[in-house]
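These are the residues of each chain, in order.
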Amino acid sequence: FSGFSFVSMDFRFGRAIANAVALYADFNLALPQGYLEATTYERNEKYADWSLYEDISTWKDVFSFSGGGGLGIEVYPCRYPRTFWRGIHFGNAILLDYSISNILNKDASFELIGLAWRTSSGLDWWVNDTWSIGIEVAQISQIWAQDVNDFTNQKFQILFRITHR
């Protein structure tokens, strides 16, 4: 799947340890749309294995719903309160990812369940002692997908954050 998602939400609930490390549970939702490129496999009865069709199908006008949840950790390396870099953070998360894509002009759908690894970095600016606003850049890589061989899925996100501690 390749496309763009304007509607994307990420909810995180967790605890900070000594204002240096945060452990959290993550829940996310997105509504991307774009195009889907898929390779079709067929069963070879003679050799009892999977063989590849020669063509790659491309479907345009694909609307998708994706969501999932997981566990993550963020590290805040700069704790000095008077520096600009106080809210810089780096994080990783393991996510259970679910997506269903509806191919509008083919009246068909494609469903995928798998595991994903998210790497992120960002910067928060503290408004007062309990609230901050920030921005984060993340890359999500699919590391396993159910019933799919040779599958790669990359997502890039820009997240605007509001944090309460």
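Residues numbered from 1 in each chain as written. Predicted model: local features only at pLDDT ≥ 70, side-chain atom pairs only at ≥ 80, totals over all residues. Heavy atoms only, no water.

A tally of helices and strands in the protein yields zero helices and nine strands. Moving toward the C terminus, one meets the helices and strands of the protein in the order β-β-β-β-β-β-β-β-β. Across the 165 residues of the protein, 30% fall into the buried class. Here the analysis covers contacts within the protein between residues at least 6 apart in sequence; of these, 57% occur between residues at least 24 apart. Taken as a whole, the protein presents about 11,200 Å² of accessible surface, with 60% of it coming from carbon and sulfur. (Helix = DSSP H or I, 4+ residues; strand = E, 2+ residues; numbered from the N terminus. Buried < 20%, exposed > 50% of the residue type's maximum accessible area, 1.4 Å probe, protein only. Contact = heavy atoms within 4.5 Å. Areas by Shrake-Rupley, 256 points an atom, 1.4 Å probe, with all protein chains shown as cover.)

Here we take up the packing of aromatic side chains. A full pass over the atoms with the stated rule returns one aromatic pair. Geometrically, the ring pair formed by Phe13 and Phe27 is tilted, given 6.4 Å between the ring centres and 50° between the ring planes. In this pair, Phe13 is assigned in strand β2 (residues 8-17) and Phe27 in strand β3 (residues 21-30), connecting sequence segments 14 residues apart. The partly exposed category is assigned to Phe27, whose relative accessible area is 45%. (Phe/Tyr/Trp six-rings, centres within 6.5 Å; stacked < 30°, edge-to-face > 60°.)

This part takes up the pattern of salt bridges. Counting across every chain of the model gives 10 salt bridges. Here Asp26 and Arg118 are joined by a salt bridge, their closest N and O atoms 2.3 Å apart. One end of the pair, Asp26, is in strand β3; the other, Arg118, is in strand β7 (residues 108-126), with 92 residues separating them in the sequence. Accessibility classification places Asp26 together with Arg118 in one group, the buried group. Because the salt bridges share partners, they merge into one network encompassing Asp10, Arg12, Asp26, Glu74, Arg118, Asp124, Glu136 and Arg161. (Salt bridge = Lys/Arg side-chain N within 4 Å of Asp/Glu carboxyl O.)

Where nonpolar side chains cluster on the molecular surface, the patch consists of Phe4, Phe6, Val7, Met9, Phe11, Phe13, Phe27, Leu29, Leu31, Phe63, Phe65 and Leu104 and spans about 1,200 Å² of accessible area. Those elements that provide at least two residues to the nonpolar patch are β2, β3 and β5 (49-75). Ranked by residue count, the leading element in the nonpolar patch is β2, at three residues. Turning to its location among the elements, Phe11 is positioned in strand β2. We classify Phe11 as partly exposed; its relative accessible area is 42%. (Patch = residues over 30% accessible without salt bridge, like charges linked within 9 Å, V, L, I, M, F, W, Y side chains within 5 Å.)

Fair warning: the whole summary comes from geometry, so function is off the table for now.
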